[in-house]
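Structure at a glance
If you want the building blocks of each chain, they are given just below.
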Amino acid sequence: MTPLEQLIRDRIRDHGAMPVSDYMALALAHPDYGYYRKADPLGRDGDFITAPEITQVFGEIIGLWCVVTWRQAGMPTPFHLVELGPGRGTLMADAMRAAGNDPDFIAAANLHLVETSPILRSRQQAQLQAHDATWHLAIDTVPDGPCLYIANEFFDALAIDQYFRTADGWHRRCVGLDPVTDRLKFVIDRTPINTEGLVPPSVAAAPAGSLFEHCPECPEITAIMGRRLASDGIAALIIDYGYWHQGSGETLQGVRGHQHHDVLMNLGDADLTAHVDFSALAATAETAGAIPFGPVLQGTFLSNLGIEARTNKLAADQDTTQANLLHSGCHRLIDPQGMGTLFKVLALTDGKLGVPAGFELLPGKLDHEA
Ligand code: SAH
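Notes on the structure in this doc start here. These numbers come from a predicted model, not from an experiment. (Residues numbered from 1 in each chain as written. Predicted model: local features only at pLDDT ≥ 70, side-chain atom pairs only at ≥ 80, totals over all residues. Heavy atoms only, no water.)

1. Quick look at the packing of aromatic side chains
Aromatic ring pairs are defined here through the distance separating the ring centres and the angle between the ring planes. Heads up, the condition is: Side-chain rings of Phe, Tyr and Trp (the six-membered ring for Trp) are treated as a pair once their centres are within 6.5 Å; stacked means planes under 30 degrees apart, edge-to-face means over 60, and tilted covers the remaining angles. Geometrically, a lysine NZ or arginine CZ counts as sitting over a ring once it is within 6 Å of the ring centre and also within 35 degrees of the ring normal.
Throughout the structure, instances matching the rule amount to eight aromatic pairs. Aromatic ring contacts, followed pair by pair, group W70, F79 and F105 into a single cluster. When the ring centre of F186 is taken as origin, the NZ or CZ atom of R173, which lies over that ring, is 3.8 Å away.

Shown next as structure tokens:
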């Protein structure tokens, strides 16, 4: 049993079953034993691999998107380039290298990295040594001024709550202890919750046995972004796996060694993640004064921005092994059978920007309505 499981079991014994969000927050972010606090989980040797770790072209394309968007906004100077959950700092390093073609952009950008993991923060510091950057534990300490926010696979790492529908209403799903086996197990809180403002009307009437997920932190963070965009300008780019108005259904999953893993096992040594509700992010940002675009499929977005041409150009100067790696990496990110459709891209703008690059959709038709 991991030390974190021992700690969670003790808490359940003392205080009763805990909501899924408390369980997930402890599993990911406990200061000593949390999954993201203890080790670097990324890359081929880790538990999962992200787009910037698959190919340098991903970060380069994001960097070019930032330059184009900043120019489209009238080159506000200075501005804050803010990345949420920067992992190993690879995306930002690749983005800044590509953006280096525009010295005005580089001169105007103040870098801010929002990261809670001390281990990943030191990897980011090593990776971004050439840049003057500031680290934050939360988004709200980024100083006033125009912002370009980037978040790749950040929102899926935030804790979610789960609600279960029974004959008498919606109940909070919790993690408790089985009195017979003494193992961790999911239990349903007895008292039905007030669904108002929490479970959308389209889901509230779902049949008994349905499950609804809600990330409390996601709307808080997008509201902060939305307010900042509305008051000080520019845009946000949010890339993640997720859905648009999925309704009910479970997406919480454990991941270890690139495989699905039991959510209740190896606490602190396995990742826990949930799909992102893009409709909820867009709605809160809009209420806060920003304009959402998309989501578009990651494959569409990256292809629109020329990932294949950039990959071909880069591969032309490489040996066969390197060239093949670049081509297979590009294919993996845009593959309609995989990451190309699983991942979505949502942009939030200040409303004055117009349509951001990569979001030029058919008039009147959004990708999620296609
Ligand atoms: N964007 C990176 C890493 C994704 S993994 C990439 O694409 O490779 C999720 C990242 O979010 C990690 O850096 C993790 O430490 C960070 N993170 C998780 N929860 C966080 C929180 N509440 N606040 C800030 N960073 C967080």
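Having put the structure on the table, let's press on.
2. Here's the deal with the pairing of strand β10 (residues 234-243)
Let me state the cut-off plainly: Under the scheme applied here, a residue whose accessible area is under 20% of the maximum for its type counts as buried, over 50% as exposed, and between as partly exposed, the area being computed with a 1.4 Å probe on protein chains only. Helical segments are the DSSP runs of H or I of at least four residues, strand segments are the runs of E of at least two, and each set is numbered from the N terminus. When DSSP finds two or more bridges between two strands, those strands count as paired.
Within β10, ten of the ten residues are buried, leaving the element largely enclosed by the surrounding structure. Of the pairings in the sheet, the one linking strand β5 (residues 147-152) to β10 comprises six bridges and is parallel in character. Bridging across to β10, I150 finds its partner in L237. One ladder, built from seven bridges, connects β10 with strand β16 (residues 343-349); its direction is antiparallel. When the sheet's bridge partners are listed, I238 is paired in β16 with L346. Inspection of the sheet shows β10 paired to strand β14 (residues 276-277) by two bridges, in the parallel sense. Bridged to G242 within β14 is V276.

3. So, the site of the ligand
Put simply, the rule reads: What makes a residue near a molecule or strand is one non-hydrogen atom of that residue sitting within 4 Å of it. Polar contact is defined as a pair of N or O atoms within 3.5 Å, subject to the rule that within protein one atom must be able to donate a hydrogen and the other to accept it, and that residues adjacent in sequence are counted only when both atoms are side-chain atoms. Just so you know the grouping, Ala, Val, Leu, Ile, Met, Phe, Trp, Tyr, Cys and Pro go in nonpolar, Asp, Glu, Lys and Arg go in charged, and all remaining residues, Gly too, go in polar.
Close to the ligand lie 17 residues; T50, G85, G87, E115 and N152 are nearest. One nitrogen or oxygen atom from the main chain of N152 is found 2.7 Å from a nitrogen atom belonging to the ligand. Looking at the shell around the ligand residue by residue, the class counts come to eight nonpolar, six polar and three charged.

4. Things to note about the side chain of D178
Threshold: The charge count includes Lys and Arg as positive and Asp and Glu as negative, but it does not include His or the ends of the chains. Basic side-chain nitrogens of Lys or Arg form a salt bridge, by our definition, when they fall within 4 Å of a carboxyl oxygen of Asp or Glu. By definition in these notes, contact holds between two residues if any of their heavy atoms fall within 4.5 Å.
One can find D178 in the loop between β7 (169-177) and β8 (184-192). Buried D178, no salt bridge; nearest opposite-charge side chain is K185, N-O distance 4.1 Å. Beyond its immediate stretch of four places on either side in the chain, D178 contacts R183 and K185.

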